[in-house]
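So the chains spell out like this:
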Amino acid sequence: MAQKEIVIIGGGLAGLVSAYLLAKSGKKVWVIEKKSYPFHRVCGEYVSNEVKPFLIKEGLFPENPTAITKFRLSSLSGKIAELPLDMGGFGISRYSFDHFLYLRCKEVGVHFQLQTQALDVKVKKMPLNFSVFLDTGEVWDAGLVLGAFGKRSRIDKAMNRPFIEERSAYIGVKYHVRLDYDTDTVALHNFEGGYCGINAVENGIFNICYLGERAALKKFGNIPAMEREVLFKNPRLKAIFENGEFLFDKPEVINEINFSNKNPVENHVLMLGDAAGMITPLCGNGMAIAIQTGRMAAASVLKYANHLDIEQAYSLAWISTFKQRLSIGRGVQKLFGASLASDFAVSLVNYFPFFARQIMKQTHGEDLV
Ligand SMILES: Cc1cc2nc3c(=O)[nH]c(=O)nc-3n(C[C@H](O)[C@H](O)[C@H](O)COP(=O)(O)OP(=O)(O)OC[C@H]3O[C@@H](n4cnc5c(N)ncnc54)[C@H](O)[C@@H]3O)c2cc1C
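These figures come from a predicted structure and were not determined experimentally. (Residues numbered from 1 in each chain as written. Predicted model: local features only at pLDDT ≥ 70, side-chain atom pairs only at ≥ 80, totals over all residues. Heavy atoms only, no water.)

> So, the nonpolar core: which residues are in play, and what are the values?
In this structure, I9, V132 and L270 are the most contacted members of the largest nonpolar core, which totals 90 residues. Here L270 is in contact with V145, L146, G147, P264, V265, A297, V301, I310, E311 and Y314, once residues within four sequence places are set aside. Core analysis: the next-biggest nonpolar cluster, separate from the first, contains 23 residues, V173, V177, I198 and V230 among them. (Core = buried A, V, L, I, M, F, W, Y, C linked by side-chain atoms within 4.5 Å. Buried < 20%, exposed > 50% of the residue type's maximum accessible area, 1.4 Å probe, protein only. Contact = heavy atoms within 4.5 Å.)

Okay, structure coming up:
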């Protein structure tokens, strides 16, 4: 089989944005995605406005998102603090957003290999090129490979990435609900060991998504019991869960959510989005970072002909833009999921809103055009 110019493994936001920009500039691009669009994913579905100008400019801004301008926080005991958001964001389901980007990619000629998993990537040197092993038994030769396969994939194991051996304490759970709640607000409600985000997406639907402890699920045996025994201790969450009309038969659930450091380039593969490192969800900008890495990777590929120059440009751009944001995000997460810390966070927002805003700012970027 002839060598493919660019192969992107994973068709989430990072993979789709990079595929779109590269194909639009005349590159021949193949995306391997293990699912097929549209599909639901565990995600809070609040997108920071830092990427809005870029999405509008590229014709990638979805049609019917909900504008979000306010932030609400509650402690374990239900104490509330509210703050206007300096930058703000929009709510859109991944079901709609990823599907919309997929259709835009098809329009500019991206080739998709759906319902297919990449199992491994091997590098051949002199000249540098790649073999991508698929679960169909095929092996694709590629001139360049971008890894956009999310926070954790079996390909991480095949590539011997160190974080893969660590067990994570967290699980993620997501629902779509109809609810009488403020559409202009993203709320974060604390509970013992975690926090739950609520915001509107499209068509009057709300996303409820929480990061909880694997140990709590083990202790209480199943998700409804864990929610009753742990989440409902926060009266705000109890009211939301009891008044919502739940639209899924069962929640979307993931485990092994790991916030460890990763490298933006591994074995000559450029890592994008969560595959390069995941920011803690409460910062509400993992999607914006995924989009930005897609743009950065495409810019490096389009600027340089030599593979090592591409790697170096992308690595430097990634480290200077995201390394500190991810590390501050890990620090801020310590203010969540425990009684005293969450009371402190609520007091900080209520009495020292300037400091709270400065901390938020540190985990977000400037407007991306
Ligand atoms: C509980 C929770 C809440 C969150 N809330 C928010 C929020 O409100 N706002 C926000 O901005 N961010 C949020 N995030 C983070 C956000 O979801 C991610 O940062 C973002 O989805 C990363 O995009 P990505 O393209 O890197 O990866 P993904 O969106 O995960 O896409 C990766 C894709 O690769 C595919 N794939 C994986 N392995 C293979 C393989 N071997 N072969 C082929 N395909 C493969 C997968 O099927 C998937 O489609 C949240 C995360 C969690 C866990």
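Once you've had a look at it, read on.
> Now, about helix α3 (residues 94-107): what can you tell me, with residues and values included?
Across its 14 residues, α3 extends 20 Å between first and last C-alpha, which sits within 8% of the 20 Å expected from 1.5 Å per residue. Of the residues making up α3, those classed as buried are R94, F97, D98, L101, Y102, R104 and C105. Buried residues of α3, viewed axially, fall in a sector of 165 degrees; they line one side. Where α3 is buried, its residues meet α1 (13-24), β3 (46-48), α2 (52-57), β6 (111-114) and α8 (286-303). Of the residues trailing α3, G109 is marked for its positive phi of about 95 degrees. (Helix = DSSP H or I, 4+ residues; strand = E, 2+ residues; numbered from the N terminus. Expected span 1.5 Å × (residues − 1). Arc of directions from axis to C-beta.)

> Account for the pairing of strand β13 (residues 206-213), with residues named and values stated.
Counted residue by residue, β13 has seven buried out of eight residues, so it is predominantly covered. Sheet topology note: the strand β10 (residues 170-178)/β13 ladder contains eight bridges and is antiparallel. Considered in β13, the bridge of I171 is made with G212. In this sheet, β13 lies alongside strand β12 (residues 194-200) in antiparallel orientation, the contact comprising six bridges. Across the sheet, residue C196 finds its bridge partner in β13, namely Y210. If you look at the hairpin formed by β12 and β13, you'll find five residues sitting between the two strands, and N203 has a positive phi there, around 55 degrees. (Pairing = 2+ DSSP bridges.)

> Outline the pairing of strand β1 (residues 4-9), supporting the account with residue identities and numerical values.
Extensive coverage of β1 is indicated by the burial of five of its six residues. As judged from the five bridges shared by β1 and strand β9 (residues 139-147), these two strands associate in the parallel manner. Its bridge partner being in β9, K4 is matched across the sheet by A142. Sheet analysis places β1 next to strand β2 (residues 29-33), joined by four bridges and oriented parallel. The partner of I9 across the bridge, within β2, is I32.

> Before we move on, could you go through the packing of α8 against helix α9 (residues 307-333) and cite the residues and values that matter?
Where α8 contacts α9, the two axes come as close as 8 Å, and the packing angle between them is 160 degrees. Here α8 lies roughly antiparallel to α9, going by the angle between them. The chirality of how α8 crosses α9 is right-handed. Contacts from I289, Q292, T293, M296, A297, S300 and V301 of α8 reach α9 at I310, A313, Y314, A317, W318, T321, F322, R325 and L326. Partitioning the contact of α8 with α9 into residue classes produces 11 nonpolar, four polar and one charged. (Axes fitted to C-alpha atoms, helices over the stretch in contact; angles between N-to-C directions. Parallel < 35°, antiparallel > 145°, perpendicular 65-115°, else oblique. Left-handed = near helix turned anticlockwise from the far one by under 90°. Nonpolar A, V, L, I, M, F, W, Y, C, P; charged D, E, K, R; others polar.)

> Can you lay out the environment of E256 for me, pointing to particular residues and giving the numbers?
Here E256 is to be found in the loop between β15 (252-255) and β16 (265-266). Sequence-wise, E256 and G172 are 84 residues apart; in three dimensions their C-alpha atoms are separated by 8.8 Å. Aside from chain neighbours lying at most four places away, what touches E256 is R152, E166, R167, S168 and Y170. Side-chain polar atoms of E256 contact the side chain of R167, separated by 2.7 Å. A polar atom in the side chain of E256 sits 3.0 Å from the backbone nitrogen of S168. (Polar contact = N/O pair within 3.5 Å; in protein donor to acceptor, adjacent residues only side chain to side chain.)

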